[in-house]
Amino acid sequence: RVNAVVGSLTGRQLEAASRRAANGEPSVKRIPNRWWTLAVAASLAIVSVGSWQLATIRANSDTLTQTVLESHVRSLIGEHLTDVVSSDQHTVKPWFNGRLDFSPPVYDFAGRGYPLMGGRLEYVGERKVAALVYGRRKHIINVFLWPADAGMAQGPGTATRHGYHLLHWNGSDFTYWVVSDLGTTELQEFAELLKDGDSAAASPPSSP
């Protein structure tokens with residue numbers, strides 16, 4: 001059988017094969033065209049699915065951002081800024097009992113120039129959430145929050161739409177959206193106060 005195979009090769013082919021063997025060159029095997037076509041098709045399918053998923057995530061994120069912004073604007077132009085009017089966090093927090101399936105953290109930052117004004121119920125993504133209202137001079141700050149594991153779409157960390165600034169982050173327990181026409185520097189300062197409040201609440205009390 002070996003002789004038959006060798007005999008079927010031309011002298012030039014034998015010489016080329018010998019040269020490749022002497023140089024240690026691997027034999028070149030051609031991939032059948034149909035396998036190459038299938039591989040390309042599979043790659044394109046993976047890219048298409050990934051692009052579709054990314055587009056869906058972005059669309060959901062944009063929808064949530066717009067919903068939060070609309071809730072903020074609606075509270076400013078109507079008469080539904082607050083359901084409970086109080087600067088006392090110990091009055092606002094218990095007001096949510098029985099109205100929500102979670103207990104939102106409520107802080108008063110009057111000493112830092114961001115007084116608590118009250119709270120209300122809101123609907124975001126067909127879910128009932130808490131809205132806390134704070135003031136800063138003549139500006140209104142709405143804080144929307146709900147449990148971090150609620151399964152709702154996420155949004156950008158920062159966004160600006162129609163002159164309003166939105167900040168978003170996920171804490172260990174809650175998802176926050178802060179919206180206002182206040183300048184971004186002061187709004188970031190306010191967001192840090194919320195984060196510090198959560199950190200302090202989560203820290204175990206020190207031993208006497």
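Residues numbered from 1 in each chain as written. Predicted model: local features only at pLDDT ≥ 70, side-chain atom pairs only at ≥ 80, totals over all residues. Heavy atoms only, no water.

Draft legend 1. Structural context of the overall build of the chain. When helices and strands are counted, the chain shows 5 helices and 7 strands. Listed by position from the N terminus, the elements making up the chain come as α-α-α-β-α-β-β-β-β-β-β-α. When the 208 residues of the chain are sorted by exposure, 33% land in the buried category. Sequence-distant contacts, at least 24 apart, represent 58% of the contacts inside the chain between residues at least 6 apart. In the form shown here, the chain has an accessible surface area of approximately 13200 Å², with 55% of it arising from carbon and sulfur atoms. (Helix = DSSP H or I, 4+ residues; strand = E, 2+ residues; numbered from the N terminus. Buried < 20%, exposed > 50% of the residue type's maximum accessible area, 1.4 Å probe, protein only. Contact = heavy atoms within 4.5 Å. Areas by Shrake-Rupley, 256 points an atom, 1.4 Å probe, with all protein chains shown as cover.)

Draft legend 2. Expanded view of the pairing of strand S7 (residues 174-180). A large share of S7 lies buried, amounting to 7 of its 7 residues. Alternating positions in S7 separate into two faces, Phe174, Tyr176, Val178 and Ser180 on one and Thr175, Trp177 and Val179 on the other, with burial throughout. When strand S4 (residues 139-147) meets S7, the two strands line up antiparallel, connected through 6 bridges. Opposite Leu145, over in S7, you have Tyr176 as the bridge partner. In this structure, strand S6 (residues 164-170) lies alongside S7, joined through 6 bridges in antiparallel fashion. The residue of S7 that forms the bridge with Asn170 is Thr175. Between the antiparallel neighbours S6 and S7 lie 3 residues. (Pairing = 2+ DSSP bridges.)

Draft legend 3. Here's a closer look at the pattern of salt bridges. Under the defined criterion, the tally for this structure stands at 7 salt bridges. Between Asp62 and Arg161 there is a salt bridge, with the nearest N and O atoms lying 3.6 Å from each other. Taken together, the positions of Asp62 in helix H3 (residues 33-77) and Arg161 in strand S5 (residues 158-161) put the pair 99 residues apart, joining distant regions of the chain. A relative accessible area of 41% means that Asp62 is categorised as partly exposed. In this structure, the salt-bridge partner of Glu122 is Arg120, at a minimum N-O distance of 3.0 Å. Sharing partners across several salt bridges, the network here consists of Arg74, Arg120 and Glu122. (Salt bridge = Lys/Arg side-chain N within 4 Å of Asp/Glu carboxyl O.)

Draft legend 4. The layout of surface pockets, seen in detail. Roughly 210 Å³ of volume is contained in the largest pocket. Along the walls of the largest pocket sit 13 residues, with Tyr107, Ser172, Asp173, Asp198 and Ser199 positioned nearest its centre. For the lining of the largest pocket, the secondary-structure elements that each account for two or more residues are S7 and helix H5 (184-202). With 5 residues, the single largest contributor to the lining of the largest pocket is H5. (1 Å grid on protein atoms, 1.4 Å probe; cavity = no way out; pocket = protein on both sides within 12 Å on 5 of 7 lines; lining within 4 Å. Points joined across faces, edges and corners; volume = space filled by probe spheres on them.)

Draft legend 5. Focus on the confidence of the model for the chain. For the chain, mean pLDDT is 81; residues scoring 70 or higher make up 68% of the total. The low-confidence segment residues 1-9, where pLDDT is below 50, has 3 contacts with residues more than four positions distant or belonging to other chains. A low-confidence stretch, residues 50-60 (pLDDT under 50), is modelled with 1 contact involving residues beyond four sequence positions or located in other chains. (pLDDT = per-residue confidence, 0-100.)

Draft legend 6. Region of interest: the pairing of S4. Burial of S4 is extensive: 8 of the 9 residues sit out of reach of the surface. In this structure, strand S3 (residues 127-136) lies alongside S4, joined through 7 bridges in antiparallel fashion. Counted as the bridge partner of Tyr134 is Ile141 from S4. Once S3 ends, the chain turns through 2 residues before running back antiparallel as S4, passing Arg137 with a positive phi of about 55°.

Draft legend 7. Representation of the sheet that holds S5 in the model. What the 7 strands build is an open sheet, ordered S1-S2-S3-S4-S7-S6-S5; its pairing is antiparallel. In this open sheet, the two strands that pair with only one neighbour each are strand S1 (84-85) and S5. H5 contacts S3, S4, S5, S6 and S7 of the sheet and is inclined by roughly 25° relative to S6. (Axes fitted to C-alpha atoms, helices over the stretch in contact; angles between N-to-C directions.)

Draft legend 8. Expanded view of the nonpolar core. Ranked by size, the top nonpolar core spans 42 residues in total, and within it Tyr134, Ile141, Val143, Val178, Phe190 and Leu194 carry the most contacts. Of all elements in the fold, only H3, helix H4 (89-95), strand S2 (116-124), S3, S4, S6, S7 and H5 reach the threshold of two or more residues within this core. In this structure, Val178 is in contact with Ile141, Asn142, Val143, His165, Leu166, Leu167, Trp169, Leu187, Phe190 and Leu194, ignoring residues within four places of it in sequence. (Core = buried A, V, L, I, M, F, W, Y, C linked by side-chain atoms within 4.5 Å.)

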